[in-house]
Structures are given as C-alpha cells and as structure tokens.
Amino acid sequence: MLKKRILVISSANIDFVQRMRRVPYSGETVVEPGIGYSYVPGGKGANSAITFARLGADCVFACKLGKDSNGKRLAAMYAKEGIDTRYILEDPEVPTGLASILVEENGKNRIIVYPGANMTITPEDVEEPFICCPDALYMQLEVPFDTVVEAVRRANDAGIPVFIDAGPASVDYDLKRLGRLEVFSPNESETRVYTGIAPTTEENCLRAAIKLSSMVDAKYIVLKLGDRGAFLYDGREYYIVPAEEVPVVDTTAAGDVFTAALTYWYLEKGNILSAMDFAGCAAGISISRPGASPSVPTLAEVMAYAKERREKKEAEKAGE
Ligand code: ATP
Ligand code: RIB
C-alpha cells in the first residue's frame, strides 16, 4: 500500500537546551557544571515532520531556514530522516530560528523562541509545495498566520484534510479565517488564550471545546492536557484519554509528537479514538527521553510499547 503523503508547512529551529535542577530566580546566577547543554534539532514543525517520518509516512516538509550553519545542519538532518526536503527555502538575510530551552529536573521546560526565518514564510511561498499532491496538510502556528490561512485555503480547494496544532497561541489570531479543518488541537495554555477558559476540570474542558467549535470550523477539537492526557470533542460527545504512566525526563515536543502521531494514525485507520490512544503512547515515549526531535519514537517503538501495555493490563486482569 502506498504511504500517505503528509505536507507539513511549519517551523524549524535549533534548540539550545540546558538541563538544571531548577531555573534561576530573577537576578540570580546558577552554576550547574555537571548537567550540561546541547544543541539539538527542534521547532514545532520539524518535530512533527520527524514524527511523521519515523512513523512511516511520506513526509514533505516545507519550511524556511537561514543561510547559515544551523540551517545547513538541519536540512541535512531532515534528509537523513527520509523527509522530502525539496521545498525547503533559504532566507539569505535572516538567521535560522533558535529556541533557548531550560529543562528542570522534573522534566518541565521553559522556552524562548527567536523565530528568525520561520517568520518570513509568505502566503506566496506555500503555492509550490502543493505541487507534490499531498494526502493531507499539517500545520502549527509558529509561522505567520496569513501563511497558515492561505495554506488551509489551498488544501480546502484541493479537497485534502487539514490538521492544525494550535500553538503557539495569540489573541490576535482570528481563527474564523481558517477554513475547514479535520482537527484543531491546542494545549492547556493555548486553550486558555483562545477561549478565556482554563481547561482544569472536565466541565471546563467541555465548555472550552464548545467555545472553540464556535470559533473554528473543525470536525474534531482535541485538547492536550499534559499529565492529565487529552480531551476529544466531536461536536456532540466528548471523550477523555488518560496520559500514559511513564517516567518524565523532558516534556519538550510532547505536544508536537502527540498531534502528529494522532494525524498519522487517523489517516491510516480513520478512527479518531484509536488515534488518540496511539498519540498518547507516542507522546509518552517522547517525554521519557531527553530533547525535542531526538526523543521522537519510531512506529516499531510505539507498537512495542502498546503491546507491552496491553499484556500488562491483561496480566493484571487475570491476577484479580
Ligand atoms: P510541549 O509544548 O511540551 O510540546 P504541549 O504543552 O503542547 O507540549 P502537552 O499537553 O504538555 O502538550 O502534552 C501533549 C501530550 O503528551 C498529552 O496530551 C499527553 O498525552 C502527553 N503528556 C504530556 N505530559 C505528560 C506526562 N507528564 N505524563 C504522561 N503523558 C504526558
Ligand atoms: O514544542 C517544542 C518546540 O517548541 C521546541 O523544539 C522549540 O524549538 C519550540 O519551537
């Protein structure tokens, strides 16, 4: 069977990651000699593109890099992952995006993004990538909103499904301008920005999802709730899929992996609930490893994890 071709038009960053026992207070200097730092591939779009590639999709990644050493390193790395890089653009004037990431011992992070070339992707730039005849369009909002609107318009014209990971959020985005979507998926803080409702309880998740449904034309609203799992609303009913019980090493990119894995499985199987479960397994593996893109699992790893979990549950049931 032919692999699904997924067009990702989104961001690419180099992540400068420092691990520490705790982040410094304002004005404080903390010296952490033993823990170290690294430069790893990141960016919401690239993390998702790598997820698609490692899961086995035919991923076409359209992004914009600076004409610099970071850009060259990233492009080479995407090609090595088996990603189709023919629509990657270079901006000679603006550097490749960079994220400074502080990861605490509990796996939680703080991220500051310098968007660089990601912010120079224009609506005109998205015309060419559609020549590849994708089966689906996948985007996040780490590139200009007008560009996202134009890409969704083209995908709607082509009759292919659109999946949007709704971060990072801004109150300035007029979500109504986005066309028809299959899935719209914000995390907790993004949900609060868009709706004014903190999805802290089941009732608040439902209120927020209903409000989002009135703001975007999406078949499914999927709220990502960190260690509380994820919440699905299909316009009539809602479902909660609990988070996996895994050791938390670094949650960076959990959301990128979750939404991409959900998209992959949904396109493969056509079942959104099963896709939520698959996505939770993929994200769970990702947070049990350090780094953004380096933490992304392969399809074999997700399947092995799901099998082990099923066998454990069956053994527990038999022992009851
Ligand atoms: P990030 O910005 O770090 O990429 P996010 O804020 O967009 O992530 P989250 O809601 O934190 O997204 O995480 C996405 C999914 O990852 C969750 O829906 C859940 O399935 C899984 N996940 C996140 N944190 C945990 C955790 N501590 N334990 C188990 N699963 C988790
Ligand atoms: O979602 C995680 C990503 O957000 C990081 O890789 C960082 O580059 C920022 O874009």
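Now for a look at the structure at hand.

Cut-offs used in this document
- Residues numbered from 1 in each chain as written.
- Chains lettered and ligands numbered in written order.
- Predicted model: local features only at pLDDT ≥ 70, side-chain atom pairs only at ≥ 80, totals over all residues.
- Heavy atoms only, no water.
- Helix = DSSP H or I, 4+ residues; strand = E, 2+ residues; numbered from the N terminus.
- Areas by Shrake-Rupley, 256 points an atom, 1.4 Å probe, with all protein chains shown as cover.
- Lys, Arg positive; Asp, Glu negative; His and termini not counted.
- Charge placed at Lys NZ, Arg CZ, Asp CG, Glu CD.
- Phe/Tyr/Trp six-rings, centres within 6.5 Å; stacked < 30°, edge-to-face > 60°.
- Lys NZ or Arg CZ within 6 Å of the ring centre and 35° of its normal.
- Near = heavy atom within 4 Å.
- Polar contact = N/O pair within 3.5 Å; in protein donor to acceptor, adjacent residues only side chain to side chain.
- Nonpolar A, V, L, I, M, F, W, Y, C, P; charged D, E, K, R; others polar.
- Expected span 1.5 Å × (residues − 1).
- Core = buried A, V, L, I, M, F, W, Y, C linked by side-chain atoms within 4.5 Å.
- Buried < 20%, exposed > 50% of the residue type's maximum accessible area, 1.4 Å probe, protein only.
- Axes fitted to C-alpha atoms, helices over the stretch in contact; angles between N-to-C directions.
- Parallel < 35°, antiparallel > 145°, perpendicular 65-115°, else oblique.
- Left-handed = near helix turned anticlockwise from the far one by under 90°.
- Contact = heavy atoms within 4.5 Å.
- Salt bridge = Lys/Arg side-chain N within 4 Å of Asp/Glu carboxyl O.
- Pairing = 2+ DSSP bridges.

Looking only at helices and strands, one finds 8 helices and 14 strands in the chain. Dimensions of the chain along its principal axes, counting C-alpha atoms only, are 65 × 55 × 45 Å. Of the roughly 14,800 Å² of accessible surface on the chain, 52% is carried by carbon and sulfur atoms. Averaging the coordinates of the 36 positive side-chain charges in the chain and doing the same for the 45 negative ones gives two points 2 Å apart.

By the definition in use, this model includes 13 aromatic pairs. Aromatic ring contacts, followed pair by pair, group Phe 16, Tyr 37 and Tyr 39 into a single cluster. Above the plane of the ring of Trp 265 lies Lys 269, whose end atom (NZ or CZ) is 5.0 Å from the centre.

The next subject is the site of ligand 1. Close to ligand 1 lie 18 residues; Asn 187, Gly 226, Gly 229, Thr 251 and Gly 255 are nearest. One of the backbone N or O atoms of Gly 229 is found 2.9 Å from an oxygen atom in ligand 1. For ligand 1, whose unbound accessible area comes to 620 Å², protein coverage reaches 86%. Within the residue set of the shell around ligand 1, elements represented by two or more residues are helix H6 (254–269) and helix H7 (272–287). Residues belonging to the shell around ligand 1 are distributed by class as follows: 9 nonpolar, 6 polar and 3 charged.

In the region of ligand 2, 13 residues are neighbours, and Asp 15, Gly 43, Lys 44, Glu 142 and Asp 256 sit closest. The separation between an oxygen atom of ligand 2 and a polar side-chain atom of Asn 13 is 3.0 Å. The backbone of Gly 43 places a nitrogen or oxygen atom 2.8 Å from an oxygen atom of ligand 2. A total of 280 Å² of accessible area belongs to ligand 2 in isolation, and the protein chains cover 96% of it.

We now examine H7. A rise of 1.5 Å per residue sets the reference length of H7, with its 16 residues, at 22 Å; its end C-alpha atoms lie 22 Å apart and thus fit the reference within 8%. Structurally, the start of H7 carries an N-cap: the backbone nitrogen of Leu 273 is 3.0 Å from a side-chain oxygen of Asn 271.

Phe 52, Phe 61, Tyr 78 and Leu 262 are the most contacted members of the largest nonpolar core, which has 50 residues in total. Counting residues in hydrophobic clusters, the runner-up holds 39 residues, among them Val 60, Phe 184, Ile 221 and Tyr 233.

What follows covers the packing of helix H1 (residues 44–55) against H6. Running from N to C, H1 and H6 cross one another at 40 degrees; their axes reach a closest spacing of 9 Å. Accordingly, the angle class assigned to the pair H1 and H6 is oblique. H6 is crossed by H1, and the crossing has right-handed handedness. Contact residues: H1 offers Lys 44, Asn 47, Ser 48, Thr 51, Phe 52 and Leu 55, while H6 offers Asp 256, Val 257, Ala 260, Ala 261, Thr 263 and Tyr 264. Grouping the amino acids of the contact of H1 with H6 by side-chain chemistry returns 6 nonpolar, 4 polar and 2 charged.

The final tally for this structure, using the stated rule, is 21 salt bridges. Arg 5 serves as the salt-bridge partner of Asp 58, at 2.8 Å between the closest nitrogen and oxygen. Of the two residues, Asp 58 sits in strand E4 (residues 58–62) while Arg 5 sits in strand E1 (residues 5–9), which places them 53 residues apart along the sequence. On the accessibility criterion, Arg 5 (24% relative accessible area) is partly exposed. Close ionic contact of Arg 177 with Asp 146 constitutes a salt bridge, the shortest N to O distance being 3.0 Å. Of this pair, Arg 177 sits in the loop between strand E10 (162–165) and strand E11 (181–185) while Asp 146 is found in helix H3 (residues 145–158), placing the two residues 31 residues apart along the sequence. The exposure class assigned to Arg 177 is partly exposed, which follows from its relative accessible area of 39%. Among the ionic contacts, a cluster of salt bridges with common partners joins Glu 150, Arg 153, Arg 154 and Asp 157.

Before going further, it helps to examine the pairing of strand E12 (residues 218–224). Summarising burial for E12: 6 of the 7 residues are buried, a large majority. Note: E11 against E12, 3 bridges, orientation parallel. Bridge assignment links Leu 181 to a residue of E12, and that residue is Ala 218. Sheet analysis places E12 next to strand E13 (residues 230–233), joined by 4 bridges and oriented antiparallel. The partner of Leu 223 across the bridge, within E13, is Phe 231. Between E12 and E13, which pair antiparallel and follow one another directly, the connecting turn spans 5 residues, one of which, Gly 226, has a positive phi of 55 degrees.

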